[in-house]
There are 2 protein chains.
Amino acid sequence: MKIIIALGGNAIIKKGEKETYHTLIKNIKLMSKNIAPIVKKYNAVITHGNGYEIGNLLLQNEISSKKVPPMPLDILGAESQGLIGYPLEEQLINELRNTKKEIVTVLTQVLVDEKDKAFRNPTKFIGPFYSYLEYKRLRRRYKIRKDSNRGYRRIVPSPKPVRILEAKTIEFLIKRGNVVICGGGGGIPIVNKKGKLKGVEGVIDKDWASSCIGKSINADILLILTGVDKVSLNYGEKNEIKLDKMSVKRAKRYLKEGYFPAGSMGPKIEASIDFLKKGKKVIITDVEHALKSLEGKAGTLITKR
Amino acid sequence: MKIIIALGGNAIIKKGEKETYHTLIKNIKLMSKNIAPIVKKYNAVITHGNGYEIGNLLLQNEISSKKVPPMPLDILGAESQGLIGYPLEEQLINELRNTKKEIVTVLTQVLVDEKDKAFRNPTKFIGPFYSYLEYKRLRRRYKIRKDSNRGYRRIVPSPKPVRILEAKTIEFLIKRGNVVICGGGGGIPIVNKKGKLKGVEGVIDKDWASSCIGKSINADILLILTGVDKVSLNYGEKNEIKLDKMSVKRAKRYLKEGYFPAGSMGPKIEASIDFLKKGKKVIITDVEHALKSLEGKAGTLITKR
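> Can you walk me through the overall build of chain A in this structure?
Assigned secondary structure in chain A consists of nine helices and 17 strands. Since a compact globule built from 305 residues should have a radius of gyration of about 19 Å, the 19 Å found for chain A is in line with a globular shape. Taking the principal axes of the C-alpha coordinates as reference, chain A spans close to 55 × 45 × 45 Å. The proportion of buried residues among the 305 residues of chain A is 61%. Pairs at least 24 apart in sequence give 73% of the contacts found in chain A among residues at least 6 apart. With an accessible surface of roughly 13,600 Å², chain A has 50% of that area assigned to carbon and sulfur atoms.

Quick look at the structure:
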């Protein structure tokens, strides 16, 4: 049984925490303990978010830009795959040291379509918040928009993943019994320009990338680990309803009726529906309920029908 | 025939160049053109240096330390494996697009011995130069020494590689026909503390790591690509002698007689001798002569006897 586990950014760094080496390792250790039993039992691929980390890398590149030429987003995405992939691999090895499973982290490039409408209409806020003065100084270099009332922020395209360049290798490694960490931060977005690959400035949604990887390697289950134990209708309201399960048909209806906000649960549900074109089931829950959810005792199960 | 190609840092960024995205891609593209014919012909593993890049990452971490908590060297090493591995993989795919070889970049952790004498006696200078005032401010945080007359600099241990954690997977991928980029910057140094892996602050010599990887995957040839077309005696002097070939015995003698300086050719020759305990031959040359050297028409060949 093949499973793809998509780790949300909040499994790596909690809201309000400052990412020091110490907190990074502490959180990843805890998370690894929670997913180790799953990794032992299934043929597992693990993907992860990088929102917080790419924000930090952007900030570092900006602050030190007079001394070190800043690198574009695709390079920073690759850096973040190392920054998170390495401690994740290390802590999983520590948790799995009595098994024979070898863990390997594969840099992942994801082909996107140059004509994806996301390039004309960027929607993904990234990096630090700017004051109005900083905005005026930076607006020639970057596309910057107001992000609610918290200030100004860079906005970049979030194109849909088309193909995972390393998919065949990843599938091969899984078959061999490796645990593969890949698709970090949604993968590094690249386009095909007249037969040549070229990185682009953008961020691919991590859950969409996970669905794309899952489909390419013929995974049975997509397990999305996020900040809530179940998907809800009317989230955070008095009349909140936690969902134990839903079909694709129902998920589509709720989505249409606006139950799942664009910035949070929306893309997860869309990516789930996409995965179920080929895969068998999707479970959405938090890290703590991961194992139980696979036994049918927690989380929200999404099925084809 | 299995080959391990060790790319020197100067193949990625030339002396005196400032590493912008543009120069990085330009240099890597040129280098990929030079090694593509080799990669087509052999089962190839590619390693690379990261001296310049880890220097930049250290500087970025330091300059922005009030806003973003700095990460230790092992994490920055992992970041540099993404920073370089990704464009290298991308440009190689572009060069090899008419072949079926799949290229994959594997994050690489290298086990070192906690009791390695390098930890008591650090010798590797890294990162930016400091003034005397900066030295006084930073000396409590880092170990800093005077680096010749150019200023003060951080000094870190350079332990010997003991075991490549991902070696079996890398060997497996090579057998399958993959081109594997790994061991970037000498790999991420980790120690085994009571059965648990833990990253350490240090830098493993890239050529020693390449020898270690080469031996673990039973490579036949180690091709070290550096800044000179041949190994010389009396390098840069009037009586310079360029060497076409030498045996391990002769290499050991020259080494003992002080012909190969510790900071440059010395470790390359030592790593070559180490590789030849198992491998068949070592060639040292520059990127431009790489292909010719394998035909016996360039470079310095080192053989067992």
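More follows now that the structure is in view.
> Looking at this structure, how should I read the sheet that holds strand S8 (residues 161-164) of chain B?
Sheet strands associate in pairs through backbone hydrogen bonding, adopting either a parallel or an antiparallel arrangement. All names here are of chain B. A sheet is described by the order of its strands in space; here four strands give the open sequence S8-S4-S10-S11, paired in mixed fashion. Only two strands of the sheet have a single neighbouring strand rather than two, namely S8 and strand S11 (196-199). Strand-to-strand twist across the sheet, computed as the mean angle between neighbouring axes with direction ignored, equals 45 degrees. Both strand S4 (residues 109-112) and S8 contribute to a ladder of three bridges, which runs antiparallel. Residue pairing for S8: Leu111 is matched across the bridge by Arg163.

> Just checking my understanding: could you explain the nonpolar core for this structure?
Inside soluble globular proteins, nonpolar side chains tend to come together where they are buried. Counting residues in hydrophobic clusters, the biggest one holds 96 residues, and the most contacted among them are A:Ile5, A:Ile46, B:Ile5 and B:Ile46. Filtering out sequence-adjacent residues up to four positions away, A:Ile46 remains in contact with A:Ile5, A:Leu7, A:Ile35, A:Val39, A:Leu88, A:Leu92, A:Val179, A:Val180, A:Ile181 and A:Cys182. Judged by nonpolar contacts, the second largest core, of 82 residues, contains B:Ala6, B:Val104, B:Ile213 and B:Phe260.

> What is the right way to read the packing of helix H1 (residues 21-41) of chain B against helix H3 (residues 73-95) of chain B from this model?
Geometrically, a packed helix pair is captured by the angle between its two axes and the distance between the axes. Residue and element names in this part refer to chain B. Orientation of H1 relative to H3, taken along the N-to-C sense of each, is 55 degrees, at an axis distance of 8 Å. One element, H1, and the other, H3, form an angle in the oblique class. Where H1 crosses over H3, the two elements pack in a sense that is right-handed. Judged by residue contacts, Leu24, Ile25, Ile28, Lys29, Met31, Ser32, Lys33, Ile35, Ala36 and Lys40 of H1 engage Leu83, Ile84, Pro87, Leu88, Glu90, Gln91, Leu92 and Glu95 from H3. Split by residue class, the contact of H1 with H3 holds eleven nonpolar, two polar and five charged.

> Help me out: how do you make sense of unusual backbone geometry in this one?
Note: most residues except glycine have negative phi, and most peptide bonds are trans. Residues and elements named next belong to chain B. Of note in the backbone geometry, Lys194 takes a positive phi value of approximately 50 degrees without being a glycine. With a phi angle near 55 degrees, Asn218 is a residue other than glycine that sits in the positive phi range. On the secondary structure map, Asn218 appears in the loop between helix H6 (206-216) and strand S12 (221-226).

> Would you mind showing me how to read a positive patch on the surface here?
Taken together, A:Lys29, A:Arg97, B:Lys196 and B:Lys198 make up a surface patch of like positive charges. Exposure remark for B:Lys196: the relative accessible area of 33% places this residue in the partly exposed category.

> Hey, could you run me through the relation of the copies chain A and chain B in this one?
Between the two copies of this chain, the relationship is a rotation about some axis together with a displacement along it. Overlaying chain A on chain B yields an RMSD of 0.0 Å, the required transformation being a rotation through 180 degrees with an accompanying axial translation of 0.0 Å. Put plainly, the chains are arranged around a two-fold axis. The C-alpha atom lying nearest the rotation axis in chain A is that of A:Glu79; the distance is 2.1 Å.

> Would you explain the interface of chain A and chain B in this entry?
Many descriptions give the size of an interface as the accessible area lost when the pieces come together. If you look at the interface, chain A gives 56 residues, while chain B gives 56 residues. A buried area of about 5,000 Å², summed over both sides, lies between chain A and chain B, and 63% of it is on carbon and sulfur atoms. Put simply, chain A and chain B have zero salt bridges between them. Applying the counting criterion to the chain A and chain B interface returns 20 residue pairs in polar contact (both at pLDDT 80 or more). Element by element, the count of residues in the side of chain A that touches chain B is highest for helix H3 (residues 73-95) of chain A, at 15 residues. Of the residues assigned to the side of chain A that touches chain B, the class counts are 25 nonpolar, 15 polar and 16 charged.

> In this structure, what is going on with the state of the cysteines? I would like to understand it.
Two cysteines joined by a covalent bond between their sulfur atoms form a disulfide. Residue and element names in this part refer to chain A. For the structure shown, the criterion picks out zero disulfides over all chains. Between Cys182, a free cysteine, and Cys212, which holds the nearest cysteine sulfur, the sulfur-to-sulfur gap is 11 Å. Residue classification places Cys182 among the buried positions, given a relative accessible area of 1%. Residue class for Cys212 comes out buried when judged on its relative accessible area of 10%.

> What exactly am I supposed to notice about the sheet that holds strand S15 (residues 245-247) of chain B here?
Residues and elements named next belong to chain B. Reading across from one edge, S3-S9-S2-S1-S12-S16-S17-S15 is the order of the eight strands in this open sheet, with mixed pairing throughout. Of all the strands in the sheet, just strand S3 (103-105) and S15 have a single pairing partner and so form its edges. Averaged over neighbouring strand pairs, the angle between their axes works out to 20 degrees when direction is ignored. With respect to the sheet, helix H8 (residues 265-275) is in contact with strand S1 (2-7), S12, S15, strand S16 (281-286) and strand S17 (300-303), its orientation differing from that of S16 by roughly 155 degrees.

> Sorry, what's going on with the side chain of B:Ser158 here?
Residue and element names in this part refer to chain B. Here Ser158 is to be found in the loop between strand S7 (151-156) and S8. At 2.9 Å, the side chain of Ser158 and the backbone oxygen of Val203 are in polar contact. Beyond its immediate sequence surroundings of up to four residues, Ser158 is in contact with Ala118, Thr123, Lys124, Val203, Ile204 and Asp205.

Scoring rules and cut-offs
Residues numbered from 1 in each chain as written. Chains lettered and ligands numbered in written order. Predicted model: local features only at pLDDT ≥ 70, side-chain atom pairs only at ≥ 80, totals over all residues. Heavy atoms only, no water. Helix = DSSP H or I, 4+ residues; strand = E, 2+ residues; numbered from the N terminus. Rg over C-alpha atoms; globule rule 2.2 N^0.38 Å. Buried < 20%, exposed > 50% of the residue type's maximum accessible area, 1.4 Å probe, protein only. Contact = heavy atoms within 4.5 Å. Areas by Shrake-Rupley, 256 points an atom, 1.4 Å probe, with all protein chains shown as cover. Pairing = 2+ DSSP bridges. Axes fitted to C-alpha atoms, helices over the stretch in contact; angles between N-to-C directions. Core = buried A, V, L, I, M, F, W, Y, C linked by side-chain atoms within 4.5 Å. Parallel < 35°, antiparallel > 145°, perpendicular 65-115°, else oblique. Left-handed = near helix turned anticlockwise from the far one by under 90°. Nonpolar A, V, L, I, M, F, W, Y, C, P; charged D, E, K, R; others polar. Patch = residues over 30% accessible without salt bridge, like charges linked within 9 Å, V, L, I, M, F, W, Y side chains within 5 Å. Salt bridge = Lys/Arg side-chain N within 4 Å of Asp/Glu carboxyl O. Lys, Arg positive; Asp, Glu negative; His and termini not counted. Charge placed at Lys NZ, Arg CZ, Asp CG, Glu CD. Least-squares fit on C-alpha atoms with pLDDT ≥ 70 in both. Buried area = accessible area lost by both parts, 1.4 Å probe. Polar contact = N/O pair within 3.5 Å; in protein donor to acceptor, adjacent residues only side chain to side chain. Disulfide = S-S within 2.5 Å.

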